Amino acid sequence: EAAVTQSPRNKVAVTGGKVTLSCNQTNNHNNMYWYRQDTGHGLRLIHYSYGAGSTEKGDIPDGYKASRPSQENFSLILELATPSQTSVYFCASGDRGFEQYFGPGTRLTVL
Amino acid sequence: GDSVTQTEGPVTVSESESLIINCTYSATSIAYPNLFWYVRYPGEGLQLLLKVITAGQKGSSRGFEATYNKETTSFHLQKASVQESDSAVYYCALVNYNQGKLIFGQGTKLSIKP
């Protein structure tokens, strides 16, 4: 059974609209992460969390918010989506210093 | 800051041929970071292929090997004989201990010719 799940798997949004990407993990890991993956850039960290109620800015946080209401759930929020946010988004869970476990990804297209 | 550089893709190799994907790193948060290779198969998320946490050690999985070389700050991925099922994107990564996050290389897309 998949330990990190993401929803939706695919999303088409309009410019200026609000988008929420959801992530759930059953690994009981304290840390969770949101990345985006674009050709030529590898994975870039957007936001991360050390536990319920905490969110931290990653390397490219502009235009994104995050929410961690519980140990299991971590959301990425685009309040005003732009075409430059078209990408594949990955959620991951892990513990400090160890490997991370990734979800299957969400393909977001902003028109 | 920390960084990882790997072979520019895409890379195409014929089935049963050997493979090497280069990875070099620069780490400022710690002298000897944990090093990882992740793989992303088409339509799936990233999964850990192998990891090495001790300099000088070799990790192996599914026929792939990588040796942690602290002198050359490298962690090249090798396989003696590739299969069509190895077609995927491969990512080298290290851990930034200060922030508990992974630093990824840009990824190398590998295609295997049957």
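Above this text is the structure in question.
Residues numbered from 1 in each chain as written. Chains lettered and ligands numbered in written order. Predicted model: local features only at pLDDT ≥ 70, side-chain atom pairs only at ≥ 80, totals over all residues. Heavy atoms only, no water.

Participant: Which residues make up the state of the cysteines, and what values go with them?
Facilitator: Per the counting criterion, the structure on display carries 2 disulfides over all chains. Disulfide pairing is shown between A:Cys23 and A:Cys91; the S-S distance is 1.9 Å. On the sign convention where negative is left-handed, the bridge of A:Cys23 and A:Cys91, at about -80° about the S-S bond, is left-handed. Here A:Cys23 is found in strand E3 (residues 19-25), whereas its partner A:Cys91 is found in strand E9 (residues 87-94), with 68 residues between them in sequence. With respect to burial, A:Cys23 and A:Cys91 carry one shared label: buried. A sulfur-sulfur distance of 2.0 Å marks the disulfide that ties B:Cys23 to B:Cys92. (Disulfide = S-S within 2.5 Å. Helix = DSSP H or I, 4+ residues; strand = E, 2+ residues; numbered from the N terminus. Buried < 20%, exposed > 50% of the residue type's maximum accessible area, 1.4 Å probe, protein only.)

Participant: Give a detailed account of the interface of chain A and chain B, specifying residues and quantitative values.
Facilitator: Contact residues are listed per partner, giving 23 residues for chain A and 21 residues for chain B. Summed over both sides, the interface of chain A with chain B buries roughly 1700 Å², with 51% coming from carbon and sulfur. On the surface where chain A and chain B come into contact, there are 2 salt bridges. Measuring nitrogen to oxygen at the nearest pair gives 2.9 Å for the salt bridge that ties A:Glu99 to B:Lys51. Inspection of the region where chain A meets chain B yields 6 residue pairs in polar contact (both at pLDDT 80 or more). Counting residues per element, the ones that place at least two in the side of chain A that touches chain B are strand E4 (31-38), strand E5 (42-49), E9 and strand E10 (100-102) of chain A. For the side of chain A that touches chain B, the residue count by class is 11 nonpolar, 8 polar and 4 charged. (Contact = heavy atoms within 4.5 Å. Buried area = accessible area lost by both parts, 1.4 Å probe. Salt bridge = Lys/Arg side-chain N within 4 Å of Asp/Glu carboxyl O. Polar contact = N/O pair within 3.5 Å; in protein donor to acceptor, adjacent residues only side chain to side chain. Nonpolar A, V, L, I, M, F, W, Y, C, P; charged D, E, K, R; others polar.)

Participant: So what's going on with the environment of B:Lys113? Residues and values would help.
Facilitator: Residue and element names in this part refer to chain B. In this fold, Lys113 is placed in strand E12 (residues 108-113). Given a relative accessible area of 46%, Lys113 falls into the partly exposed group. When the C-alpha atoms of Lys113 and Pro33 are compared, they prove to be 35 Å apart, with 80 residues separating the residues in sequence. The residues contacting Lys113, other than those within four sequence positions of it, are Thr12, Val13, Ser14 and Glu15.

Participant: Any details on the layout of surface pockets? Residues and values, ideally.
Facilitator: One number sums up the size of the largest pocket: a volume of about 510 Å³. Every residue lining the largest pocket is counted, 25 residues in all, and those nearest its centre are A:Gln37, A:Thr39, B:Val89, B:Tyr91 and B:Lys109. Within the residue set of the lining of the largest pocket, elements represented by two or more residues are E4 and E9 of chain A together with strand E10 (88-96) and E12 of chain B. Broken down by element, the lining of the largest pocket gets its largest block of residues, 4 residues, from E12(B). In the lining of the largest pocket, the residues fall into 8 nonpolar, 12 polar and 5 charged. In this structure, the second largest pocket encloses a volume near 200 Å³. Forming the boundary of the second largest pocket are 13 residues, of which A:His41, A:Leu43, A:Arg44, B:Ile103 and B:Phe104 lie nearest the centre. Mapped by element, the contributors of at least two residues to the lining of the second largest pocket are E5 of chain A together with strand E1 (3-6) and strand E11 (101-104) of chain B. (1 Å grid on protein atoms, 1.4 Å probe; cavity = no way out; pocket = protein on both sides within 12 Å on 5 of 7 lines; lining within 4 Å. Points joined across faces, edges and corners; volume = space filled by probe spheres on them.)

Participant: Any details on the pattern of salt bridges? Residues and values, ideally.
Facilitator: Throughout the structure, instances matching the rule amount to 8 salt bridges over all chains. A salt bridge links B:Lys101 to A:Asp59; the nearest nitrogen and oxygen atoms lie 2.7 Å apart. Taken together, the residues span two chains, with B:Lys101 in strand E11 and A:Asp59 in the loop between strand E6 (56-57) and strand E7 (65-67). Classification of B:Lys101 as buried rests on a relative accessible area of 4%. In this structure A:Asp59 comes out as partly exposed when scored by relative accessible area, which is 48%.

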